[in-house]
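Given next are the chains, with one letter for each unit.
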Amino acid sequence: LRFGLDLYINLRPIKLYAENLCPLKNRSPREVDFVVVRENTEGEYVQIGGNFKRDTADEIALVNAVYTRKGVERALRYGFDLARKRAAERGRAARLTLVDKANAMRPHDLWRRALADVGREYPDVTTDALYVDAAAMFMVENPARFDVLVTTNLFGDILTDLGAALQGGLGLAASANLHPGKTSMFEPIHGSAPDIAGKNIACPLAAILAIALM
C-alpha cells in the first residue's frame, strides 16, 4: 500500500500523555512532544538487492538504498510546513531537525544539500542536522530539544520505536501514511498481536490515536 499509493510520508507523533508512563525519570509531557517525519517510499526498503551463493560459506547479501532528489525534497517540505503549523499552534519558534548518517554514508549528503536548498524557502524555521546515533542519544538525554524531526525510511523506522518507548510503549504509538491531498492510510505502529488475542489485555489507544490522526 505504501509503495502502490506513493504514501511518501510516514508521520509518527511522539507524545507523552502521562509522566508515569515514561521510562525516563523526571520527564513531563511537556518535554516529550515531537513528531517524526519518516520518508516512506525510498531508502533500504525498496528491496533492490539479493543473495548470491545462498546458504554457503561464500554467500553474499546486497542491499541498495535509493534516495531521489524528488523524494528527499518532498519529505523535507512536508516537515517544514509541519514545523510552521506546530509553531503557530503552540506560539513558539519553528524548529526542524534532519537526521541522517552523512559522515559514514556519503550519499546522505543529498539530504544535507536539500535541507540547505529547501530551508532557504522557510527563513522562519530554525534547522539543524544530527547523525542518527547522536539523535538516538538526544532522544533519551534531552527529548525536549526536538520538535519536527525528518529522516530516512530506515532510520525513521528505528527511531520511532524508541520514541514509542518514551511515550509508554508501542500500544500508544499511532502513525499516518500520507500522500497529502490523496488517499492515505492510518494505523497503530505495533501491527497485530496474535500472541495476546482473546486475552482482553491489548491496549486500544494506538488504534484510537490513529483514527484521531485520520
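Definitions and cut-offs
Residues numbered from 1 in each chain as written. Predicted model: local features only at pLDDT ≥ 70, side-chain atom pairs only at ≥ 80, totals over all residues. Heavy atoms only, no water. Helix = DSSP H or I, 4+ residues; strand = E, 2+ residues; numbered from the N terminus. Rg over C-alpha atoms; globule rule 2.2 N^0.38 Å. Buried < 20%, exposed > 50% of the residue type's maximum accessible area, 1.4 Å probe, protein only. Contact = heavy atoms within 4.5 Å. Areas by Shrake-Rupley, 256 points an atom, 1.4 Å probe, with all protein chains shown as cover. Lys, Arg positive; Asp, Glu negative; His and termini not counted. Charge placed at Lys NZ, Arg CZ, Asp CG, Glu CD. Axes fitted to C-alpha atoms, helices over the stretch in contact; angles between N-to-C directions. Parallel < 35°, antiparallel > 145°, perpendicular 65-115°, else oblique. Left-handed = near helix turned anticlockwise from the far one by under 90°. Nonpolar A, V, L, I, M, F, W, Y, C, P; charged D, E, K, R; others polar.

Peer 1: I'd like a description of the overall build of the protein, backed by residues and values.
Peer 2: Across its full length, the protein carries five helices and nine strands. For the protein, the sequential pattern of α-helices and β-strands runs β-β-β-β-α-β-α-β-α-β-α-β-β-α. Its C-alpha radius of gyration of 18 Å places the protein within 12% of the 17 Å reference for a compact globule of 214 residues. Along the first, second and third principal axes, the C-alpha atoms of the protein reach 50 × 50 × 35 Å. Per-residue burial over the protein gives 42% buried out of 214 residues. By sequence separation, contacts in the protein at least 24 residues apart represent 69% of the contacts at least 6 residues apart. Within the structure as shown, the protein displays about 11,100 Å² of accessible surface, and the carbon and sulfur contribution to it stands at 56%. Side chains of the protein give 27 positive and 26 negative charges; the mean places of these two sets differ by 3 Å.

Peer 1: How would you summarise the packing of helix 1 (residues 69–90) against helix 2 (residues 109–119) if you had to cite specific residues and measurements?
Peer 2: For any two helices packed against each other, one specifies the inter-axial angle together with the distance between the axes. In the contact formed by helix 1 and helix 2, the axes pass within 10 Å of each other and the chain directions differ by 50°. One way to sum up the angle between helix 1 and helix 2 is to call them oblique. Read as a crossing pair, helix 1 and helix 2 show a hand that is right-handed. Facing Arg69, Val72, Glu73, Leu76, Arg77 and Phe80 of helix 1, the residues of helix 2 in contact are Leu110, Trp111, Arg113, Ala114, Leu115, Asp117, Val118 and Gly119. Taken together, the residues of the contact of helix 1 with helix 2 break down into eight nonpolar, one polar and five charged.

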